[in-house]
Protein chains: 2
Amino acid sequence: MRILGIDCGSARTGYGVIESDGVAHQLLAAGVITTDTKKPFEERLLTIGRGLREVILGCAPEEAAVEEVFHAVNVQTALKLAHVRGVALFAVAEAGLPLGEYSALEVKTSVVGYGRAEKRQVQLMTCSLLRLDRPVESEDAADALAVAICHANRSALKRRLEVAR
Amino acid sequence: MRILGIDCGSARTGYGVIESDGVAHQLLAAGVITTDTKKPFEERLLTIGRGLREVILGCAPEEAAVEEVFHAVNVQTALKLAHVRGVALFAVAEAGLPLGEYSALEVKTSVVGYGRAEKRQVQLMTCSLLRLDRPVESEDAADALAVAICHANRSALKRRLEVAR
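This is a predicted model, so every value here is computed, not measured.

Peer 1: How should the sheet that holds strand β5 (residues 99-102) of chain A be read in this particular structure?
Peer 2: Each strand in a sheet pairs with its neighbour through backbone hydrogen bonds, running either in the same direction (parallel) or in the opposite one (antiparallel). All names here are of chain A. Reading across from one edge, β3-β2-β1-β4-β5 is the order of the five strands in this open sheet, with mixed pairing throughout. Both edges of this open sheet fall to β3 (25-34) and β5, since each of them pairs with a single strand only. Neighbouring strand axes in the sheet, compared pairwise and without regard to direction, differ in orientation by 20 degrees on average. Of the pairings in the sheet, the one linking strand β1 (residues 2-7) to strand β2 (residues 12-20) comprises six bridges and is antiparallel in character. For Arg2, the partnering residue across the bridge sits in β2 and is Glu19.

The structure is reproduced here in structure tokens:
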């Protein structure tokens, strides 16, 4: 199963695509869509939406995963992030990809085994689970990969439970 | 100048297109994009984005206007609305339309002449300003038309001020 994970942000939106059988995960692509903070917000949303569309076209994921809405730092930040998330969900739905949504707690528990893990630990475990020589450079891309891995694990668990029934 | 006004909502997104010279306004189109509340949120965002895209293709507006983010009823509602607004801004930016953003206070002041006007008053004044025989049926479409009229008035004022300089 090929999975796209997205880590939404108005300045930097991370993405990561993995191939996974639910046990082993392989990195296919990871990166960050950056936007010019001096540009009008709607143009930045356009950059993010088009960027995600390109990633989807280029990597052909079969499913997608994003984090749920957030323990917001403050309301204005949360509202901005929700705009970006709207554009991301639109891009995913436009491509017809089934979507998984997970809380930050679920992602960290799934990847690090501990819901209150720090960003650095997530980055290192993502690196380890994907058997990379070194962590992906961007924290945002690592977060996106973590969401994708979480989705892979959860989907595999779900399939195993269905078989066991 | 042909202007698209949008009134964002996850269940009902109103739109209205007017032709305006800054003094007289003429109704070209108005309606509501409704979404199935039982469907996943991302599919509803897709319906809204595609709906707005169709309106833009069909009516060929030159500019667009939306309300700013809101004196939110509650945080969850505001976050949902911000997702929809993100998709609307994306559709507007994708079509290359310049965007105007106005507070509810500005819209009401521009259309009714009173910032605390009630929904019904906005609906009646919109009807009157567009010289319609009766108010447009949907409140959401009327709100969208009000935003478009506000943008028309503001743009005309701006042009007059520039000429006067």
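Peer 1: Please explain the side chain of Glu63 of chain B as it appears in this structure.
Peer 2: Residue and element names in this part refer to chain B. Considering the arrangement of structural elements, one finds Glu63 in strand β4 (residues 63-67). A distance of 2.7 Å separates a polar atom in the side chain of Glu63 from a polar atom in the side chain of His151. Those residues in contact with Glu63 that lie beyond four places of it in its chain are Met1, Arg2, Ile3, Leu4, Leu97, Pro98, His151 and Ser155.

Peer 1: Would you mind going over the packing of aromatic side chains with me for this structure?
Peer 2: Each pair of aromatic rings is reported with the distance of its centres and the angle of its planes. A complete count under the given rule lists one aromatic pair over all chains for this structure. Relative to Phe90 of chain B, the ring of Phe90 of chain A has its centre 5.8 Å away and its plane inclined at 55 degrees; by these criteria the two rings are tilted. You can see Phe90 of chain A sitting in helix α2 (residues 75-94) and its partner Phe90 of chain B sitting in helix α2 (residues 75-94), one on each of two chains. The pair formed by Phe90 of chain A and Phe90 of chain B is uniform in burial state, with each residue classed as buried. Here the guanidinium or amino end of Lys80 of chain A rests over the ring plane of Phe41 of chain A, the centre of that ring lying 5.8 Å away.

Peer 1: So what exactly am I meant to see when it comes to the packing of helix α1 (residues 41-59) of chain A against α2 of chain A here?
Peer 2: Axes are the key here: two packed helices are described by the angle between their axes and the distance separating the axes. All names here are of chain A. Viewed as axis vectors pointing N to C, α1 and α2 meet at an angle of 35 degrees, and their least axial separation amounts to 9 Å. In the packing of α1 onto α2, the handedness of the crossing is right-handed. Only Lys80, His83, Val84, Val87, Ala88, Ala91, Val92 and Glu94 of α2 make contact with α1, whose side of the interface consists of Phe41, Arg44, Leu45, Ile48, Gly49, Leu52, Arg53 and Ile56. Across the contact of α1 with α2, the residue classes tally to ten nonpolar, two polar and four charged.

Peer 1: Teacher, can you tell me more about the interface of chain A and chain B here?
Peer 2: How big an interface is tends to be stated in terms of the accessible area lost upon association of its parts. Listed per partner, the contact involves 22 residues of chain A and 22 residues of chain B. Here chain A meets chain B over a buried area of about 2000 Å², counting both sides, of which 74% is carbon and sulfur. It is Glu42, His83 and Phe90 of chain A that lose the most area in chain A upon contact with chain B, and together they represent 32% of the buried surface on that side. The interface formed by chain A and chain B includes two salt bridges. A salt bridge links Glu94 of chain A to Arg53 of chain B; its shortest N-O distance comes to 2.9 Å. Listed by contribution, the elements that provide at least two residues to the side of chain A that touches chain B are α1, α2 and β5 of chain A. Here the side of chain A that touches chain B takes eleven residues from α2 of chain A, the largest share from any one element. When the residues that make up the side of chain A that touches chain B are grouped by side-chain class, the tally is 13 nonpolar, three polar and six charged.

Peer 1: Would you mind going over the environment of Ala117 of chain A with me for this structure?
Peer 2: All names here are of chain A. Within the secondary structure, Ala117 sits in the loop between α3 (104-111) and α4 (119-129). Along the primary structure Ala117 and Ala104 are separated by 13 residues, whereas in three dimensions their C-alpha atoms are 9.9 Å apart. Here Ala117 is in contact with Lys108, Val112 and Val122, once residues within four sequence places are set aside.

Peer 1: Help me understand the sheet that holds strand β5 (residues 99-102) of chain B, please; the structure alone is not making it clear to me.
Peer 2: All names here are of chain B. Pairing within the open sheet is mixed, and its five strands lie in the order β3-β2-β1-β4-β5. Both outer strands of the open sheet, β3 (25-34) and β5, are each paired with one neighbouring strand and no more. Strand-to-strand twist in this sheet, taken as the mean axis angle between neighbours without regard to direction, amounts to 20 degrees. Inspection of the sheet shows β4 paired to β5 by four bridges, in the parallel sense. From the neighbouring strand, Ala64 faces β5, where its bridge partner is Leu99. Along the sheet face, α2 touches β1 (2-7), β2 (12-20), β4 and β5 and points at about 170 degrees away from the line of β4. Strands in contact with helix α5 (residues 139-164) are β1, β2, β3, β4 and β5; relative to β2, the strand with the most contacts, it is inclined by about 40 degrees.

Peer 1: What is the right way to read the nonpolar core from this model?
Peer 2: Nonpolar side chains in soluble globular proteins tend to be buried together. If you look at the biggest cluster of nonpolar residues, it comprises 54 residues, and the most contacted ones within it are Leu4, Ile6 and Leu52 of chain A together with Leu4, Ile6 and Leu52 of chain B. Beyond its immediate sequence surroundings of up to four residues, Leu52 of chain A is in contact with Ile6, Ile33, Ala88 and Ala91 of chain A.

Peer 1: I tried to follow α5 of chain B on my own but got confused; where do I start?
Peer 2: Given 3.6 residues per helical turn, the α-helix brings residues three or four places apart onto the same face. The first and last C-alpha atoms of α5 of chain B sit 37 Å apart over 26 residues, in line with the 38 Å expected at 1.5 Å per residue. Where α5 of chain B begins, the side chain of Ser138 of chain B points an oxygen toward the backbone nitrogen of Asp140 of chain B, at a separation of 3.0 Å.

Peer 1: When you look at the side chain of Ser138 of chain A in this model, what are you seeing that I'm missing?
Peer 2: All names here are of chain A. You can see Ser138 is positioned in the loop between α4 and α5 (139-164). A polar atom in the side chain of Ser138 sits 3.0 Å from the backbone nitrogen of Asp140. Those residues within four positions of Ser138 in sequence are excluded, and the remaining contacts are Arg12, Val32 and Gln123.

Procedures and definitions
- Residues numbered from 1 in each chain as written.
- Chains lettered and ligands numbered in written order.
- Predicted model: local features only at pLDDT ≥ 70, side-chain atom pairs only at ≥ 80, totals over all residues.
- Heavy atoms only, no water.
- Pairing = 2+ DSSP bridges.
- Helix = DSSP H or I, 4+ residues; strand = E, 2+ residues; numbered from the N terminus.
- Axes fitted to C-alpha atoms, helices over the stretch in contact; angles between N-to-C directions.
- Polar contact = N/O pair within 3.5 Å; in protein donor to acceptor, adjacent residues only side chain to side chain.
- Contact = heavy atoms within 4.5 Å.
- Phe/Tyr/Trp six-rings, centres within 6.5 Å; stacked < 30°, edge-to-face > 60°.
- Buried < 20%, exposed > 50% of the residue type's maximum accessible area, 1.4 Å probe, protein only.
- Lys NZ or Arg CZ within 6 Å of the ring centre and 35° of its normal.
- Left-handed = near helix turned anticlockwise from the far one by under 90°.
- Nonpolar A, V, L, I, M, F, W, Y, C, P; charged D, E, K, R; others polar.
- Buried area = accessible area lost by both parts, 1.4 Å probe.
- Salt bridge = Lys/Arg side-chain N within 4 Å of Asp/Glu carboxyl O.
- Core = buried A, V, L, I, M, F, W, Y, C linked by side-chain atoms within 4.5 Å.
- Expected span 1.5 Å × (residues − 1).

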